[in-house]
Every structure is written in C-alpha cells, then in structure tokens.
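The lines below spell out each chain.
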Amino acid sequence: MNKKADTGFSIRKCFLFAWEEYVHWLLRPKMCILIVLFLFIHQLIVMPVTETAAEMKTGFSVLEPFVALGTSGVVLMILPVCYIVLMADYPEFRTGGWFFVGRLGRLNWLIGQFIFGVMSVLSYIIFIAVFTIGASAFRAKWSFQWSDFCLNYHKVFPEREGDFVDRLFPENLYNQTSLLKAVVHTYLLLACYLLLLLLILMLGKLLKHRMLGIFCTGGIVAVGTALCSLRVQAMWYFPMAHSIVWLHYTEYFRKQIFPVRSSYVLFGMALMLLGLTAAIRIYTYQFDVQES
C-alpha cells in the first residue's frame, strides 16, 4: 500500500476502529475458552478457600479469592496463556483489510489497535473479577480487610504449613500490604504484563512472523513461571516476577526485595519501547503481501 493513501490523525477514527475490533473480538467463538477458565478458577481457587474457611468455622473476604489468583503460580501461568490464545491473531488482518487501512490511515490504525488491546486486557481482568467475586459472594464477607481465615490459617492448621491453601496467601503479602492495596497492585501489574505480551504479538505480526510472536510470548510465560517457582534472582529479568506482588516483599521486614514502583517503571519503559518499534514498523509494512 502506498503511504500517500494514509489519512491524517483522528482520535475519533481511532476509537471507532478500536470499538469495531473489540466487538468482533467479543463475538468470536474462541471466547468460549473463558468458560473453561472460569471452571478452572472455581475448582482451583474458590472451592478450596470456601471449604477451608468452613472447616475453620470462619468467614473470608470476598476479595481474597480474587487476590489468590495473583499469587498461585499455576493460575499465573494459565491466565497469560489463556489471554494469548484469545488474542493469538492480534492484530487481525481480515480479507481486504489493507483497503480499510488505506481509508483509515496507518497511524489511526495502529493507535486504534493499541486502544483495542487495552480494552481487551481490561475486559479480560474484569471478566475474571466478576466471576471470582460472584462465585464467592454468597459465602464470603463483604469486607475489605484481611480475614481471620487468612491471618490465622497457620495457627489453626500448623501441620498444613506449605500446602496449597497456605501458598495462596503468603505472609509476604498480608504482612506487608493491605487487602485493597494487594488487589490494586496485583491487577495493575497483571494488566501491564498482558499488554507487554500483546505488543510482542503485534510486533511478530508486523514483522510477518506471527508464529514467532506466539512462541516468544509462550516462552516468556513458561521461563518466567519456572524461574519464579525456583525463586532465583534471574526471575527479575522476566515480566512474570514483576507481576507477582508478594515476590517484591520479605515475610516480615518492611524492606522490599524489589521495589513495586520499579516494576511499574520497567513495564512502562518496555511498553513504550515496543510501542515505538511498532510505530516505526507500521510505515514500512506492506499490507498487500501474503501474511507469513
């Protein structure tokens, strides 16, 4: 496509295009994967928390299972992988798409894709939040403080130290931060993590190597998960560690192992670098060439 066909920048066009892509994404059959994800979350997180709280004869906060999603190594591997599957074609070039880009403009198209990407990440997290909180709502307390279930688990079941439920609520988390703060950091950092993976998918597509982008994101998730499970220093070279709040803290002392603020800065720098690279690449991309 000739660059002269591009039109001027228009924020209205960007948002209209982003909305069209978003609606198309929501209506895709692939979204049924969320049902499987929700069943997985219910069985792995909600049910163990509910049953253990009942065994302790105490309640738990409605937000605690939601926070537990961001502490479980298994779930933190599944959440990005599921999102990658949902967004594997991002950005999607449908039949005749290059003619549409010609009318829209390359810059408008790119910014529209960024906006759509942010919308997809926020929607994904909101879907998970609504389901997890909804599944817990009738059994939990509407409290925004750490519950006795979380704080006294070790005292009631000292013999279960290190088991699955215990690992869902590490002391590094509830000793160092409030429940609301844990929720905010957990899901802001997860959003940054997913956006980072999304921009890698975009660059893979713009470089005409879509599968390379998918393999890179999958490798980043797999290696990051493995290093976090081993708790080695090299884990901080991968975004997974930066998205897990409790890894930033020691169990008892206020001094942070790695400042949460620094994780936000690193995510911001990485996102800006990937975004700038995509912006440079878009002006040399040939939309009329067969995708690889």
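Please refer to the structure placed before this passage.
Let us look at the structure shown here. No experiment lies behind these values; they were computed from the predicted model shown. (Residues numbered from 1 in each chain as written. Predicted model: local features only at pLDDT ≥ 70, side-chain atom pairs only at ≥ 80, totals over all residues. Heavy atoms only, no water.)

## Quick notes on the packing of aromatic side chains
Definition in use: Two rings belonging to Phe, Tyr or Trp (six-membered ring only in the last case) form a pair when the distance between their centres is within 6.5 Å. Interplanar angles under 30 degrees mark stacking, angles over 60 mark edge-to-face geometry, and anything in between is tilted. Helix and strand definitions follow DSSP, with helices as H or I runs of at least four residues and strands as E runs of at least two, each counted in order from the N terminus. Each residue gets one of three labels from its accessible area relative to the maximum for its type: buried under 20%, exposed over 50%, partly exposed in between, using a 1.4 Å probe on protein chains only.
Under the criterion given, the structure shown has 13 aromatic pairs. Ring plane angle 10° and centroid distance 4.8 Å describe the contact between Trp 236 and Phe 258, whose orientation is recorded as stacked. Residue Trp 236 is located in the loop between helix H12 (210-230) and helix H13 (239-242), and its partner Phe 258 is located in the loop between H13 and helix H14 (260-282); the two are separated by 22 residues in the primary sequence. Grouping residues by exposure puts Trp 236 and Phe 258 together as buried. Site record: aromatic cluster; members linked through ring pairs are Trp 19, Tyr 22, Trp 25, Tyr 90 and Phe 116.

## Overview of unusual backbone geometry
Glycine aside, negative phi is the norm for most residues, and most peptide bonds take the trans geometry. The residue after Tyr 90, namely Pro 91, is reached through a cis peptide bond having omega -15°. Structurally, Pro 91 can be placed in the loop between helix H4 (73-86) and helix H5 (97-104). Even without being a glycine, Lys 57 presents a positive backbone phi close to 60°. Examined against the element boundaries, Lys 57 turns out to sit in the loop between helix H2 (33-56) and helix H3 (64-68). Residue class for Lys 57 comes out exposed when judged on its relative accessible area of 76%. With phi around 65°, Lys 208 is a residue other than glycine that occupies positive phi space.

## Some points on the pattern of salt bridges
For clarity, the cut-off: Any carboxyl oxygen of Asp or Glu that lies within 4 Å of a side-chain nitrogen of Lys or Arg is treated as forming a salt bridge with it.
Inspection of every chain in the model, using the stated rule, returns four salt bridges. Arg 28 serves as the salt-bridge partner of Asp 89, at 3.0 Å between the closest nitrogen and oxygen. Note that Asp 89 is positioned in the loop between H4 and H5 and Arg 28 in the loop between helix H1 (11-26) and H2, a separation of 61 residues in sequence. Note on Asp 89: relative accessible area 22%, which makes it partly exposed. Between Arg 210 and Asp 89 there is a salt bridge; the shortest N-O distance is 3.5 Å. Linking Arg 210 in helix H12 with Asp 89 in the loop between H4 and H5, this pair joins segments that are 121 residues apart in sequence. Through salt bridges with shared partners, one network takes in Arg 28, Lys 30, Asp 89, Glu 92 and Arg 210.

## A closer look at the nonpolar core
Note the following rule: Definition of nonpolar core: a set of buried residues of the types Ala, Val, Leu, Ile, Met, Phe, Trp, Tyr and Cys, connected through side-chain atoms within 4.5 Å. By definition in these notes, contact holds between two residues if any of their heavy atoms fall within 4.5 Å.
If you look at the biggest cluster of nonpolar residues, it comprises 98 residues, and the most contacted ones within it are Tyr 124, Ile 128, Trp 146, Phe 149 and Phe 169. If you tally residues by element for this core, the top one is helix H11 (residues 179-206), at 20 residues. Excluding its chain neighbours within four sequence positions, the residues that come into contact with Phe 169 are Val 49, Glu 64, Ala 68, Trp 146, Phe 149, Cys 150 and Tyr 174.

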